[in-house]
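Read off the chains here:
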There are 2 protein chains.
Amino acid sequence: MATGKKVCVVGCGNWGSAVAKLVAENTPRYPEFDDTVIIYVLEEVFEGRNLSEIINTDHENKKYLPGIKLPHNILAVPDLKQCIQDSDIFIIVIPHQFVNSTVAKIKSFNVMKPGSLAINLVKGIELTEKVVNCFTDTIEKELGIPCLALSGANVAKNVAMEEFSEATIGYKNKEHAVLFQRLFDRPYFKINCVPGVSAVQVFGAIKNAVAIAAGFCDGLGLGSNTKAAIMRIGLNEIYRFACKFFKDINTDVVFESAGVADLITTCIGGRNVRCAAEFAKHGGKKSWHDIENEMLGGQKLQGTSTCEEVYKVLVAHNMENDFPLFVVTYNIAFQGAEPAELIRKFSNETLNPF
Amino acid sequence: MATGKKVCVVGCGNWGSAVAKLVAENTPRYPEFDDTVIIYVLEEVFEGRNLSEIINTDHENKKYLPGIKLPHNILAVPDLKQCIQDSDIFIIVIPHQFVNSTVAKIKSFNVMKPGSLAINLVKGIELTEKVVNCFTDTIEKELGIPCLALSGANVAKNVAMEEFSEATIGYKNKEHAVLFQRLFDRPYFKINCVPGVSAVQVFGAIKNAVAIAAGFCDGLGLGSNTKAAIMRIGLNEIYRFACKFFKDINTDVVFESAGVADLITTCIGGRNVRCAAEFAKHGGKKSWHDIENEMLGGQKLQGTSTCEEVYKVLVAHNMENDFPLFVVTYNIAFQGAEPAELIRKFSNETLNPF
């Protein structure tokens, strides 16, 4: 007798844990899935106990998602190879700097079942001078299985608290999207699906660079006209960036949670905006390092590094003129340009062509 | 010798005055335009003097845009007929409830020059059970001249203070758009043009209903995931509403200032959001009348009446099911539904079709 597909969440941070929770609420509802949801835990000791043991005994990820009760059908497994060989569906939700090494490790086990599927929840893409690459491609190529992407305006803690949110799944094959929509859609977490996997990932990755620009507006004391203009220009630049580097871009994604909604959330609040406002308030004279120390307890900003990576890509492809917001944001953040340059860049006598 | 076209701003409120200012900065720069910009002033006495005299002598609209110096080539004229017969280009920027009567009056003078052009800056459209109509259509039909539309994320005062903003012109005829872009584009007020006049107006009018829903989120104490979701759903409903009732809708407008940027500004701050938050905080038990009295000094909210008008249109066309956000917002605002119904409406087990 055929049994349901077993789901594995690869990653046990706050987003991985929140996702394991909602997926584990769904698996018992559909015959397509095995009830048990495995969560791969990179083992560590927390308050004197193994994290996997805490999750399996207390049904709570006390380190990364404290205060949230997890369903009892979540099984924490600290052995990656075992996770892979026991599962059919992989939800990849690890910090972006570990994707390549984790995928290589999974590949090396050589235990992946044929017919397996993956979905990428990592917010980030590979951006170097030479490479502009979505992790879905890496996963598909290295593991030889189809990989979809999910992104949206999702603060992990709030999703875990079942505060109403939306997210977007990008797909190539509609049947896979149907399956993953069932897996992820909850009354408090509504899923829309759009064709194409790249745009979903590009928006999720690059919105943080726009948030830096939006924060500069705040720090300069500019009002909502200006901030809305910068966010709008940013939305357009992300979309154009996606179109320049990927073939499967569908305009619909802009209207979805992974597009406009995630950009709005990210530019209105959040650490990138707050730190960039602080930077602009000090006329760019206070270092990012000091700001991170003071405001984030030393944690690193995502937006500034994205900004740098995007800039390098644009230079390597001779595209600086097509992305004025990304370029000026980089120049302010890293090249000593005055924060007010952000606005001067767009305040010109030249009429926009149409 | 051919002389330049004379521009008349019909309306002298804060937005009319701010627009007269920027247009009057441009007219001397282009041979297409006569330097002088006429502003039609519905005469009234302010601090013992006629408003038109104040504008012409002090070069400031002390009643509606105090503190902003106006260019000396602005001429306030209190006689509408004279304004019309002396001008070739009309910028209509009056409260929406006066558009029909003003247009009828202009028509009755029978002094409109052939070849004249108009552009509509009124934020509002006609919405009754039977009629869904953009003012550009009224103006074109009644006056027999082409009419474009301009809208954007523009707080009048901030534009007058030359804080960087953007706006969108919707056009049917590209040549006209070129002319109006020259007329309006300033380094601090950048104009993009999109084909089609309706979408620009529909967004400008209906975004306020979405702002009421966004305000409910704030009042309910919900976080950014939820507010971003509601704004996103609202953006989509405005766009779909435009497509249902007008033929000339181009998706591009969503990416423009009149689309996403204006919606963002309106839903983040502003009176509609603040008052709706107050309404939700009191569980819908405090009347709009009391809220307007307390928070707006008795001025009326735009968003609530838009909400009501949109609802009536949807009912008359049997379209309630296609616009759940508009409907639930109306039910909360006017039918005693609990504010939390806003979220419950979207929190269902049903998967979104795709």
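Since the structure is predicted, the reported quantities are computational estimates derived from the model, not experimental observations.

Conventions used here
Residues numbered from 1 in each chain as written. Chains lettered and ligands numbered in written order. Predicted model: local features only at pLDDT ≥ 70, side-chain atom pairs only at ≥ 80, totals over all residues. Heavy atoms only, no water. Phe/Tyr/Trp six-rings, centres within 6.5 Å; stacked < 30°, edge-to-face > 60°. Helix = DSSP H or I, 4+ residues; strand = E, 2+ residues; numbered from the N terminus. Buried < 20%, exposed > 50% of the residue type's maximum accessible area, 1.4 Å probe, protein only. Lys NZ or Arg CZ within 6 Å of the ring centre and 35° of its normal. Pairing = 2+ DSSP bridges. Axes fitted to C-alpha atoms, helices over the stretch in contact; angles between N-to-C directions. Contact = heavy atoms within 4.5 Å. Buried area = accessible area lost by both parts, 1.4 Å probe. Salt bridge = Lys/Arg side-chain N within 4 Å of Asp/Glu carboxyl O. Polar contact = N/O pair within 3.5 Å; in protein donor to acceptor, adjacent residues only side chain to side chain. UniProt positions renumbered as here; feature names shortened; annotations may be inferred. Disulfide = S-S within 2.5 Å. Least-squares fit on C-alpha atoms with pLDDT ≥ 70 in both. 1 Å grid on protein atoms, 1.4 Å probe; cavity = no way out; pocket = protein on both sides within 12 Å on 5 of 7 lines; lining within 4 Å. Points joined across faces, edges and corners; volume = space filled by probe spheres on them. Parallel < 35°, antiparallel > 145°, perpendicular 65-115°, else oblique. Left-handed = near helix turned anticlockwise from the far one by under 90°. Right-handed = clockwise from strand over helix to strand, strands pointing away. Domains from an automatic or database assignment.

**Quick look at the packing of aromatic side chains**
In total, this model carries 30 aromatic pairs over all chains according to the counting rule given. Geometrically, the ring pair formed by Y311 of chain B and Y330 of chain B is stacked, given 3.7 Å between the ring centres and 10 degrees between the ring planes. Placement of the pair is Y311 of chain B in helix α13 (residues 302-316) and Y330 of chain B in helix α14 (residues 324-334), with a sequence separation of 19 residues. Like Y330 of chain B, Y311 of chain B is buried. Taking NZ or CZ as reference, K174 of chain A lies 5.2 Å from the ring centre of F354 of chain B, over its face.

**Quick look at the sheet that holds strand β5 (residues 74-77) of chain A**
Residues and elements named next belong to chain A. With mixed pairing, the eight strands of this open sheet are ordered in space as β5-β2-β1-β6-β7-β10-β11-β12. Each edge of the sheet is formed by a strand with only one pairing partner; in this case those strands are β5 and β12 (189-195). Between one strand and the next, the sheet's axes are offset by a mean angle of 25 degrees, whatever the strand orientation. By the bridge criterion, seven bridges tie strand β11 (residues 165-171) to β12 in an arrangement that is parallel. Across the sheet, the residue bridging to T168 is N192, located in β12.

**Brief notes about the interface of chain B and chain A**
At the junction of the two partners, chain B supplies 56 residues and chain A supplies 56 residues. A buried area of about 4800 Å², summed over both sides, lies between chain B and chain A, and 58% of it is on carbon and sulfur atoms. Together, N225, F255 and F354 of chain B form the three largest contributors to the area buried by chain B at its contact with chain A, with a combined 19%. At the junction of chain B with chain A, the criterion picks out six salt bridges. R232 of chain B is the salt-bridge partner of E166 of chain A, the closest N and O atoms lying 2.4 Å from each other. For the interface between chain B and chain A, the tally reads 28 residue pairs in polar contact (both at pLDDT 80 or more). Elements supplying a minimum of two residues to the side of chain B that touches chain A: α6 (156-160), β11 (165-171), α7 (174-184), β12 (189-195), α9 (224-245) and α10 (257-268) of chain B.

**Quick look at the sheet that holds strand β6 (residues 89-92) of chain B**
Residues and elements named next belong to chain B. With respect to topology, eight strands assemble into an open sheet ordered β5-β2-β1-β6-β7-β10-β11-β12, the strand pairing being mixed. Looking at the sheet topology across the chains shown, the edges are occupied by β5 (74-77) and β12. Strand-to-strand twist across the sheet, computed as the mean angle between neighbouring axes with direction ignored, equals 25 degrees. Contacts from helix α5 (residues 135-143) reach β6, β7 (117-120) and β10 (147-151), with the element oriented near 155 degrees to β10.

**A short note on the UniProt feature "domain: Glycerol-3-phosphate dehydrogenase NAD-dependent N-terminal" (unreviewed entry) in chain A**
Look at the UniProt record and you will see "domain: Glycerol-3-phosphate dehydrogenase NAD-dependent N-terminal" (unreviewed entry) annotated at residues 6-176 of chain A. With 33% helix and 26% strand, residues 6-176 of chain A has its two end C-alpha atoms placed 15 Å apart.

**Notes on the state of the cysteines**
One covalent bond between the sulfur atoms of two cysteine residues makes up a disulfide. The full count for this structure, using the stated rule, is zero disulfides over all chains. In this structure C8 of chain B is a free cysteine whose sulfur lies 4.4 Å from that of C83 of chain B, the closest cysteine sulfur available.

**Some remarks on the relation of the copies chain B and chain A**
Turning chain B through 180 degrees and shifting it by 0.0 Å along the axis lays it on chain A, with an RMSD of 0.0 Å. Such a turn and shift between the copies fits a two-fold axis. Measuring from the rotation axis to each C-alpha of chain B, the shortest distance belongs to I264 of chain B, at 3.8 Å. Take the interface residues of chain B: 100% of them recur as interface residues in chain A, which is what a same-surface contact looks like.

**Considerations on empty space enclosed by the protein**
Within the structure shown, the criterion is met by three cavities of 30 Å³ or more. In terms of lining, the largest cavity is formed by H96, K123, G124, I125, L127, A205, N208, Q302, S305, T306 and E309 of chain B. Broken down by secondary-structure element, the contributors of at least two residues to the lining of the largest cavity are α8 (198-219) and α13 of chain B. The computed volume of the second largest cavity comes to approximately 60 Å³. In this structure, the second largest cavity is lined by H96, K123, G124, I125, L127, A205, Q302, S305, T306 and E309 of chain A.

**Quick look at the packing of helix α8 (residues 198-219) of chain A against helix α9 (residues 224-245) of chain A**
All names here are of chain A. Two numbers describe how α8 lies on α9: the axes approach to 9 Å, and their chain directions differ by 155 degrees. With respect to their mutual orientation, α8 and α9 come out roughly antiparallel. The element α8 and its partner α9 pack so that their crossing is right-handed. Contacts from V202, F203, I206, K207, V210, A213, A214, C217 and D218 of α8 reach α9 at T226, K227, I230, M231, G234, L235, I238, Y239, F241 and A242.

**Description of the pairing of strand β6 (residues 89-92) of chain A**
Residue and element names in this part refer to chain A. Residues I89 and I91 line one face of β6 and the alternating positions F90 and I92 line the opposite face, and both faces are buried. As defined by bridge partners, β6 adjoins strand β7 (residues 117-120) across four bridges and the pair is classed as parallel. Within the sheet, the bridge partner assigned to I89 lies in β7 and is L117. Following the chain from β6 across helix α4 (residues 99-109) to the adjacent parallel β7, one finds a crossover that is right-handed.

**Observations regarding the domain arrangement of chain A**
Residues and elements named next belong to chain A. Entries for chain A in the domain assignment read domain 1 (5-195) and domain 2 (199-345). Look at where the C-alpha atoms of domain 1 and domain 2 centre, and you get two points 27 Å apart. Taken together, the contact pairs 25 residues of domain 1 with 26 residues of domain 2. Ranking the residues of domain 1 by area buried against domain 2 places L127, E129 and V132 at the top, with a combined share of 26%. Summed over the shared surface of domain 1 and domain 2, the number is one salt bridge. Its salt-bridge partner being D262, residue K123 comes within 3.0 Å of it at the nearest N-O pair. Here domain 1 and domain 2 share nine residue pairs in polar contact (both at pLDDT 80 or more) between them.

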